[in-house]
2 protein chains.
Amino acid sequence: MVFAGAGLDRASVGRRDPSWLAARRAQPDARSLVLSDAGIWVENGRLLLVEPDGESVFLGLDGQRPLFAADVTGEPGRGRPAGLREAASELPAAEAALGAYAASLLSWHRRHRYCANCGSPTEPRDGGHQRDCPSCGASHFPRTDPVVIVRVIDAADRLLLGRQARWPPGRFSVLAGFVEPGETLEEAVVREVLEESGVEVGEVDYVASQPWPFPSSLMIGFTARAVGGEPRPGDDELSEVRWFERSEVEAAARGTGAVALSPPYSISRQLIDGWLATPAAPDRPRRSS
Amino acid sequence: MVFAGAGLDRASVGRRDPSWLAARRAQPDARSLVLSDAGIWVENGRLLLVEPDGESVFLGLDGQRPLFAADVTGEPGRGRPAGLREAASELPAAEAALGAYAASLLSWHRRHRYCANCGSPTEPRDGGHQRDCPSCGASHFPRTDPVVIVRVIDAADRLLLGRQARWPPGRFSVLAGFVEPGETLEEAVVREVLEESGVEVGEVDYVASQPWPFPSSLMIGFTARAVGGEPRPGDDELSEVRWFERSEVEAAARGTGAVALSPPYSISRQLIDGWLATPAAPDRPRRSS
């Protein structure tokens, strides 16, 4: 799963100690990822790594080697910036994961320089995994927004896909939405599918999860069985939503036909590929359409 | 599952429209939950419901009846405040769920009156499900913090429980911790168990989830199989962590013995009770200790 498995020791106890952290920063083999508004910096198909400066946030220990990440303004003088989606396709998986983790953490710092409780400027703590307010004393932590993403299958072995108006033509995906306060993941699945498509789902089963650094989501994947309702765009989210026959999705997965699916590294695509790899259940025969 | 299943129509499309929302607020049957620093207000074992005022946040439609929630300063003149844990024991489950949802949402408003991006005061939007900054234009949304909580079982059919020093004497729970940026739920499970106890886990399987309004967590429950390591408190989180024989946990669940478990409405307890209800796997015989 790309964007996951950075495989670092995050050293969450050690990083709380400023002197431990200063020693890691001073280690000759310590390195820092480089990010900017333009993306994450790469060089020759690998992450660009430079010496950490005093502002860099601590990512963790890769074996014994401390890894940091920092925003630069301007150009670091080497390499080139890549978007995270581009990085996901080009970099080795572990480096794409590191980049995603760094991008999430730095994006949080960029947008959380002030105290939401009192409006005062805040200061980084805990190697960049916390920001404290010297004025009111509040502590703030990076946010991770849980999103449910769901493969909905009906009794005729069809897959529910929708598209947003702003997507490239022909692009469809499984449905997804943010978890709201006070609901379980399963309740969020039922609510989101109903809101976006008018389809009611029954059984809801967990499949897998994937960090999604745009900017700080955690995609939590489910499969669900439709029990009623006919698809129609139900809120402002989707411009089109309908059932797809297995043959149509197979063609899309092969890259033929008018329909395009999410990229291979996305959990959306993995939910779809997982369905394609599983024959229709015997009590739910495949339609001969 | 208590704190879940409020069963409302959250009307996430309608609530974006101020005129729709004003009409709901003016409905004669509209009601508002009452919260204060002291907790959620109850009366005769039910939620205290009053007429909504202009400051109340929109929770959703209970059938046709619009439900809101508001903070009061001082006393509403009726009922009494209950802590959320107390409410979970005393109220009907659906009302405890409503109270938890309201508490999460209002707690977010209390602590997010200023823009984290620029420090200016923000204004509520979308019936209280968003706060916008008139100065820099940033939009802010309620946060839901994903927490993994995990039942770890070893090959000898023992359960891993830990306790925090600040808990009442004898109280133990399964291990839990916040998901960090850039990791999957399964990676968070492996990391948290290793950090807190030194125990390595292999197979990790999803069980269930529960909103946990203290103040805005979403507990995501897993079961995991230990594959190595001997328990010892590994970070500052736990003061004690060890293996428990099934007989010891059975006694604790009955309320006998020196060990106390989490309250019945918690997912911690449900993970434990689920294990107690399942006989030891045949290839992992129960110890005769």
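Quick caveat: nothing in here was measured; it's all calculated off a predicted structure.

Focus on the side chain of Arg24(B)
Residue and element names in this part refer to chain B.
Here is step 1 of the chain: Within the secondary structure, Arg24 is located in helix H1 (residues 18-26).
Here is step 2 of the chain: One buried charged residue, Arg24, remains without a salt bridge, the closest side chain of opposite sign being Asp29 at 7.5 Å.
Here is step 3 of the chain: In terms of polar contacts, Arg24 uses its side chain to reach the side chain of Gln27, at 2.7 Å.
Here is step 4 of the chain: Excluding residues that lie within four positions of it along the chain, Arg24 makes contacts with Ala30, Leu61, Pro66 and Phe68.

So, the relation of the copies chain B and chain A
Here is step 1 of the chain: Each copy of the sequence occupies a distinct position, and chain B is placed on chain A by a rotation of 180° and an axial shift of 0.0 Å, giving an RMSD of 0.0 Å. Both copies are brought into coincidence by an operation consistent with a two-fold rotation axis. Ranked by how close their C-alpha atoms come to the rotation axis, the residues of chain B are headed by Gly119(B), at 2.1 Å.
Here is step 2 of the chain: When the interface residues of chain B are mapped onto chain A, 98% of them are again interface residues, pointing to one common binding face.

Considering the pattern of salt bridges
Here is step 1 of the chain: Within the structure shown, the criterion is met by 40 salt bridges over all chains.
Here is step 2 of the chain: Here Glu183(B) ties to Arg10(A) by a salt bridge, and the two come within 3.7 Å at their closest N and O atoms. Within this pair, whereas Glu183(B) is found in the loop between strand E13 (175-178) and helix H4 (185-197), its partner Arg10(A) is found in the segment before helix H1 (18-26), the two belonging to separate chains.
Here is step 3 of the chain: With a relative accessible area of 3%, Glu183(B) lands in the buried category.
Here is step 4 of the chain: Where Arg269(A) meets Asp273(A), a salt bridge forms, and the shortest distance between an N and an O atom there is 3.0 Å. Here the residue Arg269(A) and the residue Asp273(A) both occupy positions in helix H6 (residues 267-276), the gap between them amounting to four residues, near one helical turn.
Here is step 5 of the chain: The class for Arg269(A) is buried, based on a relative accessible area of 12%.
Here is step 6 of the chain: Through salt bridges with shared partners, a single ionic network connects Arg10(A), Arg15(A), Asp126(A), Glu180(B), Glu183(B), Arg191(B), Glu192(B) and Glu195(B).

Overview of the confidence of the model for chain A
All names here are of chain A.
Here is step 1 of the chain: Confidence in the prediction of chain A, expressed as mean pLDDT, is 91, and 95% of residues score 70 or more.
Here is step 2 of the chain: Across chain A, the element-wise mean pLDDT spans from 86 in helix H2 (residues 84-90) up to 98 in strand E11 (residues 145-153).
Here is step 3 of the chain: When the criterion is pLDDT under 50, residues 283-289 qualifies, and its contacts beyond four places in sequence or with other chains add up to 13 contacts.
Here is step 4 of the chain: Predicted complex, confidence summary: ipTM 0.91, pTM 0.91.

Things to note about the packing of helix H5 (residues 246-254) of chain B against helix H6 (residues 267-276) of chain B
Residues and elements named next belong to chain B.
Here is step 1 of the chain: One can describe the packing of H5 onto H6 by two numbers: an axis separation of 11 Å at closest approach and a directional angle of 125°. Judged on the interaxial angle alone, H6 and H5 are oblique. In the packing of H5 onto H6, the handedness of the crossing is left-handed. On H6, the residues that touch Arg246, Val249, Glu250 and Ala253 of H5 are Arg269, Ile272, Trp275 and Leu276.
Here is step 2 of the chain: Broken down by class, the residue content of the contact of H5 with H6 amounts to five nonpolar, no polar and three charged.

A word on the packing of aromatic side chains
The relation between two aromatic rings is expressed through the spacing of the ring centres and the mutual angle of the planes.
Here is step 1 of the chain: In this structure the tally under the stated criterion is 15 aromatic pairs over all chains.
Here is step 2 of the chain: Each ring, one from Trp20(A) and one from Phe58(A), has its centre 5.5 Å from the other, and the planes form 90°; the classification is edge-to-face. With Trp20(A) in helix H1 and Phe58(A) in strand E5 (residues 57-62), this residue pair connects regions lying 38 residues apart in the sequence.
Here is step 3 of the chain: By relative accessible area, Trp20(A) is classed as partly exposed at 22%.
Here is step 4 of the chain: Taken together, a centroid distance of 6.1 Å and an interplanar angle of 85° make the contact between Phe222(A) and Tyr206(B) edge-to-face. In this pair, Phe222(A) sits in strand E15 (residues 217-228) while Tyr206(B) sits in strand E14 (residues 200-212), so the two residues belong to two different chains.
Here is step 5 of the chain: Put simply, the rings of Tyr206(A), Phe222(A), Tyr206(B) and Phe222(B) touch in pairs and so form one group of aromatic residues.
Here is step 6 of the chain: Positioned over the ring face of Phe172(A) is Arg242(A), at 5.9 Å from the centre of the ring.

A short note on the nonpolar core
Here is step 1 of the chain: Core analysis: the largest hydrophobic core is formed by 44 residues, its most contacted members being Phe222(A) and Phe222(B).
Here is step 2 of the chain: Counting 22 residues, the second-largest nonpolar core is a separate cluster that includes Ala88(A), Ala208(A), Phe244(A) and Leu261(A).

Regarding the interface of chain B and chain A
One widely used convention gives an interface's size as the accessible area the parts lose upon coming together.
Here is step 1 of the chain: The interface of chain B with chain A comprises 52 residues on the first partner and 51 residues on the second.
Here is step 2 of the chain: Of the roughly 4100 Å² buried between chain B and chain A, counting both surfaces, carbon and sulfur atoms make up 51%.
Here is step 3 of the chain: The interface formed by chain B and chain A contains six salt bridges.
Here is step 4 of the chain: Scanning the region where chain B abuts chain A turns up 24 residue pairs in polar contact (both at pLDDT 80 or more).
Here is step 5 of the chain: Secondary structure elements with two or more residues in the side of chain B that touches chain A: helix H3 (93-111), strand E10 (139-140), H4, E14 and strand E15 (217-228) of chain B.
Here is step 6 of the chain: Taken together, the residues of the side of chain B that touches chain A break down into 22 nonpolar, 15 polar and 15 charged.

Details of the sheet that holds strand E10 (residues 139-140) of chain A
Residues and elements named next belong to chain A.
Here is step 1 of the chain: With antiparallel pairing, three strands are arranged side by side in an open sheet as E8-E9-E10. Only two strands of the sheet have a single neighbouring strand rather than two, namely strand E8 (123-125) and E10.
Here is step 2 of the chain: As paired strands, E8 and strand E9 (residues 130-132) are joined by three bridges and run antiparallel to one another. The residue of E9 that forms the bridge with Glu123 is Asp132.

Notes on the environment of Pro121(A)
All names here are of chain A.
Here is step 1 of the chain: Summarising the element assignment, Pro121 is placed in the loop between helix H3 (93-111) and E8.
Here is step 2 of the chain: Through-space distance from the C-alpha of Pro121 to that of Arg131 is 9.6 Å; in sequence the pair is ten residues apart.
Here is step 3 of the chain: Filtering out sequence-adjacent residues up to four positions away, Pro121 remains in contact with Arg113, Tyr114 and Pro134.

Let's talk about the sheet that holds strand E8 (residues 123-125) of chain B
Here is step 1 of the chain: Strand order in the open sheet made by the three strands is E8-E9-E10 (chain B), with antiparallel pairing throughout. Each edge of the sheet is formed by a strand with only one pairing partner; in this case those strands are E8 and E10 of chain B.

Here's the deal with H3(B)
Here is step 1 of the chain: With 19 residues, H3(B) should reach 27 Å at 1.5 Å per residue; the first-to-last C-alpha distance of 27 Å fits that figure.
Here is step 2 of the chain: Extensive coverage of H3(B) is indicated by the burial of 15 of its 19 residues.

Considerations on unusual backbone geometry
Here is step 1 of the chain: Cis geometry marks the peptide bond from Phe214(A) to Pro215(A); its omega dihedral reads -5°.
Here is step 2 of the chain: Checked against the element boundaries, Pro215(A) lands in the loop between strand E14 (200-212) and E15.
Here is step 3 of the chain: Of note, Ala11(B) is a non-glycine position whose phi angle comes to about 45°, a positive value.
Here is step 4 of the chain: Residue placement: Ala11(B) occurs in the segment before H1.

Calculation criteria
- Residues numbered from 1 in each chain as written.
- Chains lettered and ligands numbered in written order.
- Predicted model: local features only at pLDDT ≥ 70, side-chain atom pairs only at ≥ 80, totals over all residues.
- Heavy atoms only, no water.
- Helix = DSSP H or I, 4+ residues; strand = E, 2+ residues; numbered from the N terminus.
- Buried < 20%, exposed > 50% of the residue type's maximum accessible area, 1.4 Å probe, protein only.
- Lys, Arg positive; Asp, Glu negative; His and termini not counted.
- Salt bridge = Lys/Arg side-chain N within 4 Å of Asp/Glu carboxyl O.
- Polar contact = N/O pair within 3.5 Å; in protein donor to acceptor, adjacent residues only side chain to side chain.
- Contact = heavy atoms within 4.5 Å.
- Least-squares fit on C-alpha atoms with pLDDT ≥ 70 in both.
- pLDDT = per-residue confidence, 0-100.
- Axes fitted to C-alpha atoms, helices over the stretch in contact; angles between N-to-C directions.
- Parallel < 35°, antiparallel > 145°, perpendicular 65-115°, else oblique.
- Left-handed = near helix turned anticlockwise from the far one by under 90°.
- Nonpolar A, V, L, I, M, F, W, Y, C, P; charged D, E, K, R; others polar.
- Phe/Tyr/Trp six-rings, centres within 6.5 Å; stacked < 30°, edge-to-face > 60°.
- Lys NZ or Arg CZ within 6 Å of the ring centre and 35° of its normal.
- Core = buried A, V, L, I, M, F, W, Y, C linked by side-chain atoms within 4.5 Å.
- Buried area = accessible area lost by both parts, 1.4 Å probe.
- Pairing = 2+ DSSP bridges.
- Expected span 1.5 Å × (residues − 1).

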